[in-house]
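Residues per chain are reported as follows:
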Amino acid sequence: MAAVLAMVARGCGGVWRRLRQRCAVRPGSGPFPRGERAVACNARGGMMSAGKSGLTPWIPVVGLEIHAQISSNSKLFSGSQVQFAAPPNSLVSFFDASLPGTLPVLNRRCVEAAVMTGLALNCHINKKSLFDRKHYFYADLPAGYQITQQRVPIAVNGSLSYSLCIDNKMSQMVTKTVRIKQIQLEQDSGKSLHDDARSQTLVDLNRAGVGLMELVMEPDMCCGEEAAAAVRELQLILQTLGSSQAVMAEGQLRVDANVSVHHPGEPYGVRTEVKNINSIRFLAKAVDYEIQRQIEELGNGGTISNETRAFDSKLGCTVPMRDKEGKQDYRFMPEPNLPPLILYDAKSLPANMNHQQVINIDWIRERLPDLPSVKREKLVEQYGILPEHSFTLLNEDGLPEFFENVVKQTQMKPKKVIGWILNDLLSYLKQHSLTVKESPVSSFLLADLLNLLEKKEISSTAAKQVLAELWKGKGKTPLETVKEQKLELLQDQKELEQICQAVIDGQENEVMAIKAGNQKVLNKLIGLVQKKTQGRSNPVLVKQLLEKKLSE
Amino acid sequence: MRVLSLGRWLRAGRVPPREPASRPSGHRHSGHRPQGPPQELPQGPSQKVSVEVLEHLEHLALVDFRDSEGVERLQKAIQFADQLHEVNTDGVEPMDSVLEDRCLYLREDDVTEGNCTKELLENARETVEEYFVAPPGNIPLVKLEGQKTFLQGSK
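Residues numbered from 1 in each chain as written. Chains lettered and ligands numbered in written order. Predicted model: local features only at pLDDT ≥ 70, side-chain atom pairs only at ≥ 80, totals over all residues. Heavy atoms only, no water.

Residues and elements named next belong to chain A. Applying the stated rule across the entire model yields six aromatic pairs over all chains. Taking the centre distance of 5.2 Å and the plane angle of 75° together, the rings of tyrosine 383 and phenylalanine 403 count as edge-to-face. Residue tyrosine 383 is located in helix H6 (residues 372-383), and its partner phenylalanine 403 is located in helix H8 (residues 399-409); the two are separated by 20 residues in the primary sequence. Of the two residues, tyrosine 383 and phenylalanine 403, neither departs from the other in class, the shared state being buried. The interplanar angle of 20° and the centroid separation of 4.5 Å between the aromatic rings of tyrosine 428 and tryptophan 471 together place this pair among those described as stacked. With tyrosine 428 in helix H9 (residues 414-431) and tryptophan 471 in helix H11 (residues 460-471), the pair connects residues that are 43 residues apart, well separated along the chain. Each member of the pair tyrosine 428 and tryptophan 471 is classed as buried. Here the aromatic residues Tyr136, Tyr330 and Phe332 are joined through ring pairs into a cluster of three or more. Directly above the ring of tyrosine 330 sits lysine 134, whose terminal nitrogen or CZ lies 4.4 Å from the centroid. (Phe/Tyr/Trp six-rings, centres within 6.5 Å; stacked < 30°, edge-to-face > 60°. Helix = DSSP H or I, 4+ residues; strand = E, 2+ residues; numbered from the N terminus. Buried < 20%, exposed > 50% of the residue type's maximum accessible area, 1.4 Å probe, protein only. Lys NZ or Arg CZ within 6 Å of the ring centre and 35° of its normal.)

So, on to the interface of chain A and chain B. Each partner contributes to the interface: chain A provides 52 residues, whereas chain B provides 41 residues. In this assembly, chain A packs against chain B so that about 4100 Å² is buried in total across both faces, 59% of it on carbon and sulfur atoms. Interface area lost by chain A to chain B is led by Phe137, Pro339 and Gln357 of chain A, which between them contribute 13%. Along the contact surface separating chain A from chain B lie zero salt bridges. Those elements that place two or more of their residues in the side of chain A that touches chain B are strand E2 (106-107), helix H2 (108-120) and strand E10 (200-204) of chain A. Sort the elements by how many residues they give to the side of chain A that touches chain B and E10 of chain A lands first, with five residues. Class assignment of the residues belonging to the side of chain A that touches chain B gives a composition of 27 nonpolar, 17 polar and eight charged. Looking at chain direction, E10 of chain A and strand E3 (residues 131-134) of chain B are connected through three bridges and run antiparallel. (Contact = heavy atoms within 4.5 Å. Buried area = accessible area lost by both parts, 1.4 Å probe. Salt bridge = Lys/Arg side-chain N within 4 Å of Asp/Glu carboxyl O. Nonpolar A, V, L, I, M, F, W, Y, C, P; charged D, E, K, R; others polar. Pairing = 2+ DSSP bridges.)

Counting across every chain of the model gives zero disulfides over all chains. Looking at cysteine 123 of chain A, it has no disulfide partner, and the nearest cysteine sulfur is the one in cysteine 110 of chain A, 18 Å off. (Disulfide = S-S within 2.5 Å.)

Below, the discussion takes up the pattern of salt bridges. Two side chains that carry opposite charge are able to pair once their charged atoms sit near each other. Residue and element names in this part refer to chain A. What the rule picks out here adds up to 28 salt bridges over all chains. One salt bridge connects arginine 207 with aspartate 188, and the closest N-O pair in it is separated by 3.5 Å. Of this pair, arginine 207 sits in the loop between E10 and strand E11 (211-217) while aspartate 188 sits in the loop between strand E8 (173-187) and strand E9 (191-195); the two residues are 19 residues apart in sequence, bridging distant segments of the chain. By relative accessible area, which is 6% here, aspartate 188 ends up buried. Several salt bridges share partner residues, and in doing so they unite Glu290, Arg293, Glu307 and Arg309 into one network.

Low pLDDT means the predicted atomic positions in that stretch should not be read closely. Residue and element names in this part refer to chain B. Taken residue by residue, chain B gives an average pLDDT of 69. The fraction at 70 or more is 57%. Model confidence for chain B, summarised as mean pLDDT per element, is weakest for helix H1 (residues 2-11) at 40 and strongest for strand E1 (residues 106-107) at 96. Here residues 1-45 scores under 50 on pLDDT; set against residues more than four positions off or in separate chains, the count is 44 contacts. For the stretch residues 143-147, pLDDT sits under 50, and the model shows three contacts to residues farther than four places along the chain or on other chains. (pLDDT = per-residue confidence, 0-100.)

Let us now look at the UniProt feature "domain: Asn/Gln amidotransferase" (unreviewed entry) in chain A. Using the residue numbers shown here, the UniProt feature "domain: Asn/Gln amidotransferase" (unreviewed entry) corresponds to residues 401-550 of chain A. Between the end C-alpha atoms of residues 401-550 of chain A there is a gap of 48 Å, over a span that is 70% helix and 0% strand. (UniProt positions renumbered as here; feature names shortened; annotations may be inferred.)

What follows is about the sheet that holds E3 of chain B. Pairing is antiparallel across the open sheet formed by four strands, whose spatial order is E9(A)-E10(A)-E3(B)-E2(B). Looking at strand neighbours, the two that pair on one side only are E9 of chain A together with strand E2 (127-128) of chain B, the edges of this open sheet. Judged from the five bridges that link them, E9 of chain A and E10 of chain A form a sheet pairing that is antiparallel. The partner of serine 192 of chain A across the bridge, within E10 of chain A, is valine 203 of chain A.

Shown next as structure tokens:
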């Protein structure tokens with residue numbers, strides 16, 4: 001892999017970029033993979049040449065198919081419970097087990113979740129959508145078919161906007177869009193546990209029948225970073241809407257990537273499908289690896305076959321999947337047990353229908369919460385922070401609220417507070433793998449500390465020391481800590497003046513240099529005063545005093 | 001609705017009468033397979049089902065055509081169904097469910113079922129600690145003792 005990356009670097013002539021963290025946050029935070037990217041996308045979104053220079057460039061094309069588990073109490077077509085990790089086959093109804101004589105009954109909440117998601121992604125909601133059967137044989141699909149919406153899905157033609165840092169400087173954030181082809185409702189399958197030792201598969205149907213929203217994106221992306229950013233934004237949107245909790249680790253958000261490469265001006269290349277991607281970080285890695293693999297293969301005169309590959313997170317590469325030979329024929333047919341799904345809006349609302357049987361798109365639209373992009377804009381507008389700050393804030397669950405609470409309780413300007421939140425608090429949390437909720441430093445404590453700083457009772461170096469102490473969670477207030485460690489700034493002007501004079505008197509050479517015009521030496525004097533006061537002097541005030549004395 | 005009534009005619013073994021209302025007068029029905037004036041069963045050039053298609057079907061539907069009679073029966077069934085092409089469906093919305101005029105009932109999101117592990121597992125031939133047991137990998141095509149399927153044998 002390293003040799004390949006090196007090749008790319010040479011061929012790109014330095015276009016190769018190393019991903020940096022944004023907003024001076026420590027490594028490990030943020031949605032993007034740490035360290036090196038395998039592929040560099042230029043500002044226009046195209047790909048740079050790989051391999052030996054002189055070859056025509058390759059354009060990678062990435063499309064995503066995302067399955068989001070709907071957050072609901074019961075399943076899509078039956079009344080059994082939706083819950084992660086329960087005793088095997090305990091959340092299974094007769095319908096889920098596909099026993100004869102059972103019929104699907106559509107869950108209203110699932111439809112609402114899909115409509116909300118469609119509206120949030122700027123889709124056209126189909127007032128009439130249809131259900132179909134997709135047939136294939138697998139042990140965890142007891143019916144032998146999955147009920148889905150292949151012909152007319154519930155929502156079509158939407159878009160998802162997401163942001164990326166296009167270079168190492170934090171200030172350059174660019175907004176990109178990926179088109180959403182459609183959103184459809186479908187059933188989840190059960191879970192298979194492969195027991196190779198005993199040559200058998202164990203099947204748990206708890207997950208069978210859970211409602212899913214399948215989001216199909218157009219292949220508008222060109223690299224792993226874009227795919228990761230898009231999925232991260234989608235995750236935030238789903239969590240804000242509440243339509244899905246979208247936790248990838250629990251299988252509530254599953255992403256399959258379709259990857260191909262082609263030369264500019266030529267038709268799209270053969271695509272491969274990459275599955276088994278368990279986190280956003282791995283998504284970027286898997287996509288970039290696959291792009292690189294295809295480029296290498298084609299560069300060596302090989303061909304790409306339309307196959308399904310699995311991402312091996314340990315090895316960091318994709319491998320062909322067994323069991324998936326050839327193109328599947330799903331023999332789609334209309335689901336005969338379900339009439340079309342009809343949705344209404346304010347204009348078409350039927351007069352004398354039971355409320356419970358009516359889903360009103362406009363009613364749902366009016367009640368949509370603020371989406372992440374809107375929340376970010378509001379934070380920037382209200383508090384005067386930078387867009388990148390707002391981006392990092394929203395990326396962390398609970399952090400915007402924490403920030404707002406601190407701002408409410410302190411006189412320090414929000415623009416200064418944000419620095420403490422993103423640089424100090426967030427990096428502490430990341431170092432110790434804690435969520436905002438688990439922070440030993442509450443917003444109240446931090447606000448208290450920042451007030452001391454704002455009132456100039458302590459220096460900012462002292463404040464950092466206090467924060468380190470507070471972090472240990474021993475229950476002391478900032479003021480107590482300051483007193484204990486004797487960190488208060490010297491308030492006695494006279495005493496400070498005396499110390500300054502003493503330093504001046506003891507540093508003849510430096511004084512001469514300053515008087516001769518070398519201002520930089522002043523910093524040395526300031527440093528000496530700091531030493532004498534054990535860090536308890538206000539550097540700005542010290543500078544003023546020294547300058548005044550030296551000009552006398 | 002037209003499709004339903006056609007079914008009745010087919011079962012009776014007769015060819016459905018022309019429906020004059022469906023076409024402007026004096027205009028032969030177009031866009032369908034030219035079979036000539038309809039008689040009992042159209043004997044015209046029907047498609048012969050290729051071996052590749054048959055193998056594909058066996059693999060997909062996990063059936064075994066077993067012998068030439070099975071394949072012949074399939075052939076006849078396709079021929080029989082091809083009669084549907086006789087019907088002029090210009091301007092007719094395809095029907096995909098007899099329920100199309102009904103309201104799709106929406107259920108409230110309450111937990112009302114489940115917790116019947118024991119009952120469900122009773123039907124299974126083999127279970128392991130409350131899991132169903134299935135063969136490894138995907139479900140294979142059942143092979144007769146030492147015998148290949150008819151198609152495999154005829155290659």
